[in-house]
Amino acid sequence: QVQLVESGGGLVQAGGSLRLSCEASGRTCSSYVMAWFRQTPGKEREFVAGISGGGARERYADSVQGRFTISRDNAKNTFYLPLNSLKPDDTAIYYCAGRPGLFGDVTTAHIFDYWGQGTQVTVSS
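Residues numbered from 1 in each chain as written. Predicted model: local features only at pLDDT ≥ 70, side-chain atom pairs only at ≥ 80, totals over all residues. Heavy atoms only, no water.

Undergrad: Can you lay out unusual backbone geometry for me, pointing to particular residues and giving the numbers?
TA: The phi dihedral of Asn77 is positive, around 55 degrees, even though this residue is not glycine. Structurally, Asn77 can be placed in the loop between β7 (71-73) and β8 (78-83). A positive phi is found at Ser85, a non-glycine position, where the angle reads about 50 degrees. You can see Ser85 is positioned in the loop between β8 and β9 (92-99). For Ser85, a relative accessible area of 40% corresponds to the partly exposed category. (Helix = DSSP H or I, 4+ residues; strand = E, 2+ residues; numbered from the N terminus. Buried < 20%, exposed > 50% of the residue type's maximum accessible area, 1.4 Å probe, protein only.)

Encoded structure:
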């Protein structure tokens, strides 16, 4: 089993930055596809960014392209999502997710096997 724990959320003003981290334990996730999703009340979980096992491939939601950059440190079994130029619309609970296999579809939440508990990001206007 893989356990994922997110950290780094908080309250920030519009235009500010945060850095989310996702630490994996229980198994080395260096070959896993990892992704970040976010969710607001009453809405479905929304894809934010994904990265392949080796880190060579990345994909972003249009709404965050150019502002967020997913990365991974396989030596630390940890994954990151710096959030820059934050907007009030970025307010959500952010979740990291992981699954073994090829990069493929990283935008569909239900195909991911492992999830963290989420970290709240609140952006004030």
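Let's pick the thread back up.
Undergrad: An account of the pairing of strand β4 (residues 33-39) is requested, with residue identities and associated values reported.
TA: The element β4 is extensively covered by neighbouring structure, given that six of its seven residues are classed as buried. For β4 and β9, the ladder comprises seven bridges, and the chain directions are antiparallel. Residue pairing in the sheet places Arg38 in a bridge with Tyr94 of β9. As paired strands, β4 and strand β5 (residues 46-51) are joined by five bridges and run antiparallel to one another. Note that in β5 the partner of Trp36 across the bridge is Ala49. Once β4 ends, the chain turns through six residues before running back antiparallel as β5, passing Gly42 with a positive phi of about 80 degrees. (Pairing = 2+ DSSP bridges.)

Undergrad: Summarise the nonpolar core; cite the residues concerned and give the values.
TA: Residues Leu4, Trp36, Val48, Phe68, Leu81, Leu83 and Tyr94 are the most contacted members of the largest nonpolar core, which totals 38 residues. In terms of residue count, β4 provides more of this core than any other element does, five residues in total. With residues up to four places along the chain from it excluded, the contact list for Tyr94 reads Glu6, Leu20, Trp36, Phe37, Arg38, Val48, Phe68, Leu81, Gly118, Thr119 and Val121. (Core = buried A, V, L, I, M, F, W, Y, C linked by side-chain atoms within 4.5 Å. Contact = heavy atoms within 4.5 Å.)

Undergrad: Please give an account of the state of the cysteines that cites residues and values.
TA: Evaluation of the coordinates by the stated rule reveals one disulfide. Between the sulfur atoms of Cys22 and its disulfide partner Cys96 the distance amounts to 2.0 Å. Classification of the bridge connecting Cys22 and Cys96 rests on its S-S torsion, roughly 55 degrees, and on that basis the disulfide is right-handed. You can see Cys22 sitting in strand β3 (residues 18-25) and its partner Cys96 sitting in strand β9, a full 74 residues away along the chain. For the pair Cys22 and Cys96, one class covers both residues: buried. Of the cysteine sulfurs around Cys29, a residue in no disulfide, the closest is that of Cys22, at 8.2 Å. Residue classification places Cys29 among the buried positions, given a relative accessible area of 0%. (Disulfide = S-S within 2.5 Å.)

Undergrad: Can you lay out the pattern of salt bridges for me, pointing to particular residues and giving the numbers?
TA: For side chains bearing opposite charge, pairing can occur when the charged atoms are close. What the rule picks out here adds up to three salt bridges. For the salt bridge of Asp90 with Arg38, the shortest nitrogen-to-oxygen distance reads 2.9 Å. Linking Asp90 in the loop between β8 and β9 with Arg38 in strand β4, this pair joins segments that are 52 residues apart in sequence. When sorted by exposure, Asp90 lands in the same class as Arg38, which is buried. Between Asp90 and Arg67 there is a salt bridge, and its shortest N-O distance comes to 2.8 Å. Of this pair, Asp90 sits in the loop between β8 and β9 while Arg67 sits in the loop between β6 (58-60) and β7; the two residues are 23 residues apart in sequence, bridging distant segments of the chain. Residues Asp90 and Arg67 agree in their burial class; the two are buried. (Salt bridge = Lys/Arg side-chain N within 4 Å of Asp/Glu carboxyl O.)

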